[in-house]
Amino acid sequence: MDIPGHTLQRDKKGVKARLKNFAASVPLIGWFLGFMGAVLVEYFLGDLISYYLGLPKIPVLFGFLTVLKRPLLIPGTVGYLLVVYGLPILIISKFLQKPANKLAGFLAKGPVTIAALVHLGLFYAALHLWADLSDYRLLVLKLTMIAIMLTLSINVINGYMGEFSCSHPGFMALGAYTASTITLLLFANDKQFGDALLPEALGPYLFPLVLIAGGIAAALGALVIAVPSFRTRGDYLAIISLAFLFIVKSLIENLEFVGGPRGMSSQPHYSTLPMVFIVMVLCIWIINNFVRSTMGKALNAVRDNELAAESMTVNTRKTKIITFMFGAFWAGVAGGLFAHVLRYVNPGSFGIQRLAEILAMVYFGGLNSVTGSIVGAVSINILSEALRPLEIYKWIIIPLLLILVMLFRPTGLIAFTEFKPKELMKPRQKSLEG
Amino acid sequence: MDLFLQNIVNGLQWGSFYALIALGYSMVYSILMLFNFAHGDVFMVGSYIGFGVATALLGFVALTGIPLPGWLILILTILFSMFFTSFVGMFIERVGYRPLRDAPRASAAITGLMIGIILETGNLAILGARRLRFPQLVESATYQFGGVYVTNKKILIVGVSLGLMFLLHRFIQKTKWGMAMRAMSFDFQVVPLMGVSINKIAPLTFAIGSALASAAGILYGLAYPVLDPYMGILLGWKAFVAAILGGRGSILGAALAGFLLGFIEIFVAWIFPSTLRDVIAYSIILLILTFRPHGFFGQAHSTQLRL
């Protein structure tokens, strides 16, 4: 006898399992190729498709903005997402599954660096095309990348080291102001500092050095906090770093030569997408290596039991100070990029509000995890852009979401995992491995 | 000399807000070893509740024609809004802190922070962006002692906050509940085994802290009558600094540090250009903490992060 419901259920399960199987058998490079295909479809056919689906223009941020503003366009937007993103990604990753696996297997034999470069190159090309369609996308993309850097760098302190630091906006401000001052002084003709001291053409090439200078300024600021606060354990850092945040903000407001409360503007346009992308990749790579090094292991030991770590020959004080400065350095670099993305900074953008945002991203994504930081930064950033049409209700929905995450996964979504690029890039079919 | 005394009076007034708010931080910290980052916004909510109660009472007077004197309305306002705001505190404990008692401590701090944001935005969504004027319940009068001018509001603010602190002190030292709270702050993992329920003590702590914050909110509304949804942020974080400065978990320390912070801010603004207030005030605090890492009355103990 046939029981229709039974077969139906099995069918459903079958589809789900097949999708799962399929997803597990496509290597990372296959997904990247699919994404590339989707972006190409959008790039060349986007206008046409959106015209036939009755949309006024290409949905900028996966249709969130359109849907929230004009609910009548929901079917069109969903259709657009399916046609432009869903289908190409599925089809390409399906048809290129075998070659992609072969390619991944080939890359896995060579050095990791080359494999990583190929993956990143492909990913960057897709992102570049994706962002090419609108300036808004470009801005969101850059800010998301900067948020990833900030989240990672605070995860080193709050997650891997297990302290509660509140001064990240302060470090960011130090980096932003140092970098802006240098570029405005050296490479730009502006009202604040007069004519450029160096030829303007040099600017983009020396910009990495400027960013490093910003990072060093932030790291020196961190030293000021670290020396007194790591003498005792506990919540001491929370308060000192908070006081530091107030001091930095107020100091900048009082320094007339960097514009005081009015801030600095007209920074040269150095934070291009490739620049931000390269710095972000470097940041992920270096931080990932740092937390997996002996130093990183020592750091976890200090967090879990300082006394035991000390007796195992870990120099706890040195470890903590270096780590704190390291985290601050990357926050400073991110701040420098931030200033040159918006091309305007004022002390108001580095206050308590920004602190809440950064803390939200790191605790949402997950402590002690590079993957978690990336996920947290991307999701909170995209969410807060996507929910923009809801105006202030956005700031009820995002905190509620975060509270729910905290209640059900108190350490964040993806916590305590290691980020292994080699694992990510390996081929996904058993026969092709090795 | 007159200016000096005048600034002492101003510092007392400004410090009593910090002290009242810092008490809430400190009490929660002493019992649960957690920061309640929503506390600054509880202060804001308390102020708004006070506004609502005062408006309702004034409306009642206007409607019925029963001539209630201003001071009675003020006392009723303070009492009613302390009562109502304590439920806000208990709600925060129930939703954000009780489920996370065994989680990493930072998680509870984040829920607190997020509840704070929800309170701010919720207020903005319900009442809109207009700023409300706190009703003036008492006629202002100025007295002159030598060259020092003291308004009756200043006396009222300092008096009420000192009175509340005294009551809190008596409550904690003399009552059975206070004894339970003291025991809990000694060791919140063992004391529940002795029959003191942490599920009663923790809400009580949050309720008392929130009630004090509400009183601070009303007094603040008397002195600076314009209310806005974000008024709790800066005041709250600064009071948090005061709570730590006083020694983590020390009630007396929190009150003293609150007043000290008020004095420092007022005097810095008097001696230096007022825009430098935060730089110098917080540098002084950094210095104090460098030499006395545990605050004024804190004990030297290390806390292990429960990660």
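Attention in this report is confined to the structure presented alongside it. (Residues numbered from 1 in each chain as written. Chains lettered and ligands numbered in written order. Predicted model: local features only at pLDDT ≥ 70, side-chain atom pairs only at ≥ 80, totals over all residues.)

Attention shifts here to the interface of chain A and chain B. The partner chain B presents 39 residues to the 37 residues of chain A that form the contact. Every element with two or more residues in the side of chain A that touches chain B is listed here: helix 10 (236-254), helix 15 (352-365) and helix 17 (394-408) of chain A. It is helix 10 of chain A that provides the largest number of residues to the side of chain A that touches chain B, a total of eleven residues. Within the side of chain A that touches chain B, the residues separate by chemical class into 25 nonpolar, seven polar and five charged. (Contact = placed C-beta atoms within 7 Å. Helix = DSSP H or I, 4+ residues; strand = E, 2+ residues; numbered from the N terminus. Nonpolar A, V, L, I, M, F, W, Y, C, P; charged D, E, K, R; others polar.)

All right, on to the pairing of strand 2 (residues 142-145) of chain B then. Residue and element names in this part refer to chain B. Pairing of strand 2 with strand 3 (residues 148-151), which is carried by four bridges, proceeds in the antiparallel orientation. In the strand pairing of strand 3, Phe145 is matched with Val148. Here strand 2 folds back onto strand 3 in antiparallel fashion, the turn holding two residues, of which Gly146 has a positive phi close to 65°. (Pairing = 2+ DSSP bridges.)

Our focus in this paragraph is the packing of helix 15 of chain A against helix 4 (residues 105-127) of chain B. One can describe the packing of helix 15 of chain A onto helix 4 of chain B by two numbers: an axis separation of 11 Å at closest approach and a directional angle of 130°. On the basis of the axis angle, helix 15 of chain A is oblique to helix 4 of chain B. The hand of the helix 15 of chain A/helix 4 of chain B crossing is left-handed. Between helix 15 of chain A, through A:Ala356, A:Leu359 and A:Tyr363, and helix 4 of chain B, the contact on the second element is made entirely by B:Ala106, B:Ser107, B:Ile110, B:Leu113 and B:Ile117. Residues that form the contact of helix 15 of chain A with helix 4 of chain B fall into these classes: seven nonpolar, one polar and no charged. (Axes fitted to C-alpha atoms, helices over the stretch in contact; angles between N-to-C directions. Parallel < 35°, antiparallel > 145°, perpendicular 65-115°, else oblique. Left-handed = near helix turned anticlockwise from the far one by under 90°.)

All names here are of chain B. Tracing the chain through its elements places Leu261 in helix 9 (residues 251-271). A count of 28 C-beta atoms within 10 Å places Leu261 in the buried class. With sequence-adjacent residues up to four places away left out, Leu261 is seen in contact with Gly15, Tyr18, Lys238, Val241, Ala242 and Leu245. (Buried ≥ 20, exposed ≤ 12 C-beta atoms within 10 Å, placed from the backbone.)

It is worth spelling out the nonpolar core at this point. Within soluble globular proteins, side chains that are nonpolar tend to cluster in buried spots. Formed by 202 residues in total, the largest nonpolar core has its most connected members in A:Met149, B:Ala22, B:Ala215 and B:Val241. Setting aside residues no more than four positions away along its own chain, B:Val241 makes contact with A:Ile239, A:Leu242, A:Ala243, B:Leu261 and B:Ile285. Within the second largest apolar cluster, 18 residues are counted, among which are A:Val26, A:Phe32, A:Tyr80 and A:Ala100. (Core = buried A, V, L, I, M, F, W, Y, C linked by C-beta atoms within 7 Å.)

Nothing here speaks to function; it is geometry throughout.
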